[in-house]
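Now for the letters of each chain:
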Amino acid sequence: MTLLAILLGTLAAGIGSVWLAAWLSFGVLSRYTQHMLSLAAGALLATAFLHLLPEAFDAGVEPHNLFVTLLVGLLFFFLLDKAELWHHGHEHHHGDAHHDHADTEGHGHQHAHQHAHHHASAHEDGDKPSSGGWAILAGDSVHCFGDGVLIASAFLVDLRLGIVAALAVLAHEVPHHMGDLVVLREGSKSRQTAVLKVSMAGAITALGGIAGYALLEQLHGILPYMLAIASSSFIYVALADLIPQLQKRLSSRETTAQIVWLLSGIALVSGVSTLAHTFAAH
């Protein structure tokens, strides 16, 4: 009975929060696409600095070890991003070589040059995938696994506490998943693909719940390090991918709007997390 409750609670929190975030991002707030980049940056930074890292440091682990984990995580996601871009560039190069060879044989050097110029222009206009996709999914999966462990531990204490914990996780994950969906939507240009990927990461919450049910004592020791790794992914994506997209020469009105949406993302995560923790404490 307890294991079934854990499964239902973790799935509701993990996947339910993604679908609610998708409804808000692609429905109610869909006309604010550009502003959502600012909101996403604020939400990711707030999730890392105001939610995950404080929880990691509150666990009583040596701060130096957590900072080392954070640094290693940032380097890992940088290298993962490099590998993703290199792989895409490698495939792109072979595709260009094949087309240019065919064009040169059939239509001459001039047409091949025009084709290459057109292809490069399309690449510059947005064919290149947004960086940070793999970092977001990896960090999300680690974060959701940790959420599952926390929900399982609450259910093992009391059924009502477990329900409250699942609702609290669902509530504070919504603004964070809104940021995830914006990042993945920029890369894939497909809403369905972005929702599917984040939903799969959200489903890891159930895996964390099962692991927490079976191995609660062992997992509590590594939970702070998992939080630090998840934080590193969100910090990396916000600073390496989203913030640079916002650093454009804009009018004073557009700049003000960017700042307002960025602060709104921070305030949203902070406010929802505070309410969720207050509700859980009662």
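Residues numbered from 1 in each chain as written. Predicted model: local features only at pLDDT ≥ 70, side-chain atom pairs only at ≥ 80, totals over all residues. Heavy atoms only, no water.

Enquirer: In this structure, what is going on with helix 7 (residues 191–246)? I would like to understand it.
Expert: Every α-helix winds through 3.6 residues per turn, so residues three or four apart in the chain are directed the same way. Helix length check: helix 7 (56 residues) gives 22 Å between terminal C-alpha atoms against 82 Å at 1.5 Å per residue, more than 12% under. If you look at helix 7, its biggest bend is around 110 degrees, right at L215. (Helix = DSSP H or I, 4+ residues; strand = E, 2+ residues; numbered from the N terminus. Expected span 1.5 Å × (residues − 1). Bend = angle between axes of the 7 residues up to and from the residue.)

Enquirer: How should the environment of L24 be read in this particular structure?
Expert: Position of L24 among the secondary structure elements: in helix 1 (residues 2–28). Between the C-alpha atoms of L24 and P175, which are 151 residues apart in sequence, the distance is 9.3 Å.

Enquirer: What is the right way to read the environment of L50 from this model?
Expert: Structurally, L50 can be placed in helix 2 (residues 33–58). Given a relative accessible area of 49%, L50 falls into the partly exposed group. Look past the residues within four positions of L50 in its chain and what remains in contact with it is L45, I266 and S270. (Buried < 20%, exposed > 50% of the residue type's maximum accessible area, 1.4 Å probe, protein only. Contact = heavy atoms within 4.5 Å.)

Enquirer: Before we go on, may I ask you to explain a nonpolar patch on the surface in this structure?
Expert: Judged by side-chain polarity, L3, L156, I210 and Y213 come together as a nonpolar surface patch covering roughly 320 Å² of accessible area. Turning to its location among the elements, Y213 is positioned in helix 7. (Patch = residues over 30% accessible without salt bridge, like charges linked within 9 Å, V, L, I, M, F, W, Y side chains within 5 Å. Areas by Shrake-Rupley, 256 points an atom, 1.4 Å probe, with all protein chains shown as cover. Salt bridge = Lys/Arg side-chain N within 4 Å of Asp/Glu carboxyl O.)

Enquirer: How should the packing of aromatic side chains be read in this particular structure?
Expert: Within a pair of aromatic rings, the relevant descriptors are the distance that separates the centres and the angle that separates the planes. Evaluation of the coordinates by the stated rule reveals 2 aromatic pairs. For the ring pair F57 and F67, a centre distance of 5.3 Å and an interplane angle of 50 degrees mean the geometry is tilted. Placement of F57 in helix 2 and of F67 in helix 3 (residues 63–107) is noted, with a sequence separation of 10 residues between them. Looking at F57, the relative accessible area reads 29%, which means it is partly exposed. Seen from their ring centres, F76 and F77 are 5.2 Å apart, and the 70 degrees between their planes marks the pair as edge-to-face. (Phe/Tyr/Trp six-rings, centres within 6.5 Å; stacked < 30°, edge-to-face > 60°.)

Geometry only, nothing functional implied.
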